[in-house]
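Chains, contacts and geometry: an overview
Given next are the chains, with one letter for each unit.
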Amino acid sequence: MTRQCTPNSVGTIVLTIFSLPGALAWGSLVADNTAVLANRNSPESVAVAQHYAERRGLTSDHIISLDLTTTETISRQQYEQYVIQPLRRVLEARNLASRIKCLVTTYGVPLRVSAPQPTEEERRWAKDTAHRQEKALIHLELLEGWVKQLAASESARGESPPLTKDVPSDTQRGSSALLNSVAVAIREAITRVGTIQDPQMARQKRQELAVLVQQFGGTDAILQEQQLLDPANPQQGRQQVEEYRQQIATAEKVIRVLSAAPSDPHRQRAYRLAQRVFGLRGILVLAQDESERFSYQNGDASLDSELTLLWWDSGDYRIAGRIPNPLLKNQATTLPVGTIPIVMVARVDAPTAELARHLVDHALTAEQHGLSGKFYLDAQGLKPDASPSYGFYDQSLRDLAAFVRRATSYEVRLDDSPQRFSKPGEAPDVALYIGWYRLRYYEDAFSFNPGAIGYHIASGEAVSLHDPDEPGWCKNALEHGITATLGSIGEPFLDSFPPPKDFVSLFLTGQYTLVEAYYLTTRYVSWRMVLVGDPLYNPWRNKGTAAEVLPLPIPPGDLKFPDPLKARQQYHSLMQDSIAQAERLLEQLGSDSGRP
């Protein structure tokens, strides 16, 4: 059922800001930290970029024209050749490399980057990975039988826990199902061995089972199943546990370093160490990671999200899949020295160049006169659950409704049922909308006020911003006058969306621009999400009064932005040091790391 509170035409913000260190910044990202990108092969793109620069006070040297295709998709090779390299050169030549914290892509700049094709070396590694995975699965099935046989042959007299039902020997079960089946069999075997009355027999069976557990999960599994350690010598057992913990921590670090710089010897060492410390389970985990990496599964991305890693070389990060966002809730403040900085990216784009220009105009109107209207929040009545479940996001919508009612005078309409705001005229006077879930089908229920913000939590709502036949939410909301939105160019997985309560509550403080609030609450970069709207948009700047305390992260615009060229050199030097350290750690673990 829809609920309402007292209406207000503008919606006064009543928030207290106590936890921000230093002076209040009120959206510290400014024009001097921003550069706008245009496609020189599209006069409309150049016009949108110039319009943005004029309205936001960017100087001419902050407008960068690139030689790009006019299609919405480019290849990874084109991205490297026509976006990354020339953009870096221009920023360096204009002495902007250390000043630009935010990039604005515009109408006419491609929307997505396709996944790269594997190299010949990567194809060879992928074949080797598949072979290792197949061997590990076969061994794992044999191991399952041995565990069950050992437990059944010497079970305690009297009643015993039932054994797991036999599962057909078939590698097509997949690694996850098989690993789980063996883990259950091990737990049952430990229980049975623990009921053996004869101390000598119990010790023998415990040792035999420890060997099988070691094969299954290495030192890590033995640590998890400490019942297998000799109970007659607890002091020695405690020392062994501590040694195992140190060994596991060391092995994780070494494998991570070797995997980040794959080569024939590095891969051989990583697999050898994975088998020793993490057993067959470790081999399968490493093989799955390599399979995704070398096939570039999930290697496509929105151009904007990939552009966040402007200063990272392609070999410095994993292209396949998604990367945790260093700016999420100020995680960048904990990154080590030498880490390459990232830039924030937003898109001034729409189905037409005129509509793209309106994004800037409407943002400025809302900043000057206030963002008026109602907040529409469309939950589904789902039971709250842990992040990142559907229940978590549904609860975040309800929490946002409560927060806005408590901290502002905006009227809130919360629909907490499976129904949606879907009928024409059902949601007039919109200042903000967030809801779900009709997949890639915009429902014309909204009339957006200038400055309106909103997004629909569903997959693929930004597959295209220009295709006339595109049914998705973002393109159609932009046609109907929304000023800022976000969505994905493919399957993003639920946790890629900013939680509504986190994103909007930060934005409402006026301490953050649109792009800052987004990067503080979106979990991944080098991924499929895209933010559409003026990144400098801040309709609540300087409009806060005392009422509620919020824990506020530092605005990304205030974070130190090191010289990216020096940072990249430091990063590469640190990586070389890490590899050398990994070699030393391998020697300490007694690994036969010198031979393939």
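All of the points below concern the structure found in this document. (Residues numbered from 1 in each chain as written. Predicted model: local features only at pLDDT ≥ 70, side-chain atom pairs only at ≥ 80, totals over all residues. Heavy atoms only, no water.)

A word on the pattern of salt bridges
When the charged atoms of two side chains with opposite charge come close together, those side chains can pair. Note the threshold: When a carboxyl oxygen of Asp or Glu is within 4 Å of a side-chain nitrogen of Lys or Arg, the pair counts as a salt bridge. Labels follow the DSSP assignment, with helices taken as runs of H or I lasting at least four residues and strands as runs of E lasting at least two, numbered in each case from the N terminus. Only protein chains enter the area calculation, which uses a 1.4 Å probe; residues under 20% of their type maximum are buried, those over 50% are exposed, and those in between are partly exposed.
Scanning the entire structure with this criterion turns up 31 salt bridges. Between Arg-99 and Asp-32 there is a salt bridge; the shortest N-O distance is 2.5 Å. A residue pair is termed long-range when its members are at least 10 positions apart, and Arg-99 in the loop between helix H2 (76–93) and strand S6 (102–106) and Asp-32 in the loop between strand S2 (16–17) and strand S3 (34–39) qualify at 67 residues. Owing to a relative accessible area of 32%, Arg-99 belongs among the partly exposed residues under this scheme. Since its relative accessible area comes to 39%, Asp-32 is described here as partly exposed. Taking the shortest distance from any N to any O, the salt bridge between Arg-318 and Glu-292 comes out at 3.2 Å. Here Arg-318, found in the loop between helix H8 (303–307) and strand S9 (323–324), pairs with Glu-292, found in helix H7 (residues 264–295); they are 26 residues apart in sequence, far enough to count as distant. Its relative accessible area of 25% is what places Glu-292 among the partly exposed residues.

A few points about the packing of aromatic side chains
Here is the rule: Only the six-membered ring of Trp is used, alongside the rings of Phe and Tyr, when aromatic pairs are assigned; centres must lie within 6.5 Å, and planes under 30 degrees apart are stacked while those over 60 apart are edge-to-face, with the rest tilted. Ring-over charges, as used throughout, are those where CZ of Arg or NZ of Lys falls within 6 Å of the ring centre and within 35 degrees of the ring normal.
All chains considered together, the criterion is met by 22 aromatic pairs. Geometrically, the ring pair formed by Tyr-518 and Tyr-519 is edge-to-face, given 5.3 Å between the ring centres and 85 degrees between the ring planes. Of the residues examined, Tyr-519 reaches a relative accessible area of 3% and is grouped as buried. Linked through ring pairs, Phe-375, Tyr-410, Tyr-455, Phe-497, Phe-503, Phe-507, Tyr-537 and Trp-540 together constitute an aromatic cluster. For the cation-ring pair, Arg-132 lies above Tyr-271, with the distance from its terminal atom to the ring centre recorded as 4.2 Å.

Looking at the packing of helix H1 (residues 43–56) against helix H9 (residues 353–369)
Using the following cut-off: Each axis is a line fitted through C-alpha atoms, taken for helices only over the stretch in contact, and angles between the N-to-C directions span 0 to 180 degrees. In what follows, roughly perpendicular refers to angles from 65 to 115 degrees, roughly parallel to angles under 35, roughly antiparallel to angles over 145, and oblique to any angle outside these ranges. By the convention used here, residues are in contact when the closest approach between their heavy atoms is within 4.5 Å. For this classification, the nonpolar set comprises Ala, Val, Leu, Ile, Met, Phe, Trp, Tyr, Cys and Pro, the charged set comprises Asp, Glu, Lys and Arg, and every other residue, Gly included, is treated as polar.
At their nearest, the axes of H1 and H9 sit 9 Å apart, and the two run at 10 degrees to each other. The angle between the axes of H1 and H9 places the two elements in the roughly parallel class. Here Glu-44, Ala-47, Val-48, His-51, Tyr-52, Arg-55 and Arg-56 of H1 lie close against H9, whose contacting residues are Ala-353, Ala-356, Arg-357, Val-360, Asp-361, Ala-363, Leu-364 and Glu-367. Residue composition of the contact of H1 with H9, grouped by class: eight nonpolar, one polar and six charged.

Considering helix H10 (residues 390–407)
In plain terms, the rule: Any helix carries an expected span of 1.5 Å times its number of residues minus one.
Spanning 18 residues, H10 covers 26 Å between terminal C-alpha atoms, matching the ideal 26 Å at 1.5 Å per step. Every buried residue of H10 is accounted for by Gly-391, Tyr-393, Asp-394, Ser-396, Leu-397, Arg-398, Leu-400, Ala-401, Phe-403, Val-404 and Ala-407.

Remarks on the sheet that holds strand S7 (residues 112–113)
Cut-off, in case you're wondering: Here, a strand pair is defined by DSSP locating no fewer than two bridges between the strands.
With mixed pairing, the three strands of this open sheet are ordered in space as S5-S7-S8. Across the chains shown, the open sheet's two edge strands, defined by having one partner strand only, are strand S5 (73–74) and strand S8 (301–302).

A short note on the environment of Leu-103
Structurally, Leu-103 is set in strand S6. A relative accessible area of 0% places Leu-103 in the buried class. For the pair Leu-103 and His-62, spaced 41 residues apart in sequence, the C-alpha to C-alpha distance is 9.6 Å. Each residue touching Leu-103, except ones within four places of it in the same chain, is listed here: Ala-35, Leu-37, Leu-87, Leu-307, Leu-310, Val-343, Met-344, Val-345 and Ala-346.

Considering helix H5 (residues 199–224)
In an α-helix, one turn spans 3.6 residues; hence positions three or four apart end up facing the same way. Our working definition: The quantity called bend is, for any residue, the angle between two axes fitted respectively to the seven residues ending at it and the seven beginning at it. Polar contact criterion, stated in full: a pair of N or O atoms within 3.5 Å, where within protein one must be able to donate a hydrogen and the other to accept it, and residues adjacent in sequence count only if both atoms are side-chain atoms.
Taking 1.5 Å of rise per residue, 26 residues should cover 38 Å, yet H5 covers just 23 Å from first to last C-alpha, more than 12% shy of that figure. Within H5, the axis deviates most sharply at Gly-217, by approximately 120 degrees. N-capping of H5 is provided by Asp-198, with a side-chain oxygen placed 3.1 Å from the backbone N of Gln-200.

A few points about a nonpolar patch on the surface
Heads up, the rule is: Excluding any residue in a salt bridge, patches collect residues exceeding 30% relative accessible area, merging like charges within 9 Å and nonpolar Val, Leu, Ile, Met, Phe, Trp and Tyr side chains within 5 Å. Only the protein chains shown count as cover for residues, and the accessible areas themselves come from Shrake-Rupley with a 1.4 Å probe.
Taken together, the side chains of Ile-138, Leu-142 and Trp-146 define a hydrophobic patch exposed on the protein surface, amounting to about 280 Å² of accessible area. Structurally, Trp-146 is set in helix H3 (residues 120–153).

A look at unusual backbone geometry
Put simply, Trp-436 and Tyr-437 share a cis peptide bond, and its omega is 10 degrees. As for its position among the elements, Tyr-437 is in the loop between strand S13 (427–435) and strand S14 (446–456). Of note in this structure, Asp-429 is not a glycine but carries a positive phi near 60 degrees. With respect to the helices and strands, Asp-429 occurs in strand S13. Backbone geometry places Arg-440, a non-glycine residue, at a positive phi of 50 degrees. Checked against the element boundaries, Arg-440 lands in the loop between S13 and S14.

Here we look at the packing of H7 against helix H14 (residues 564–588)
Between two packed helices, the angle of one axis relative to the other and the distance separating the axes together describe the packing. Stated formally: Working rule for handedness: look at the near helix, and if it is turned counterclockwise from the far one by less than a right angle, call the crossing left-handed; if clockwise, right-handed.
The N-to-C vectors of H7 and H14 enclose an angle of 40 degrees; their axes lie 12 Å apart at closest approach. Between H7 and H14, the angle is such that the two are oblique. Helix-helix and strand crossings are classified by hand; for H7 and H14 the assignment is left-handed. Along its contact with H7, which presents His-266, Arg-269 and Leu-273, the element H14 presents Ile-579, Glu-583 and Leu-586. Taken together, the residues of the contact of H7 with H14 sort by class into three nonpolar, one polar and two charged.

A short note on the pairing of strand S10 (residues 344–348)
Among the five residues in S10, five count as buried, and that is most of the element. With five bridges connecting them, S6 and S10 associate as parallel partners. Bridging from a neighbouring strand, Leu-103 pairs with Val-345 of S10.

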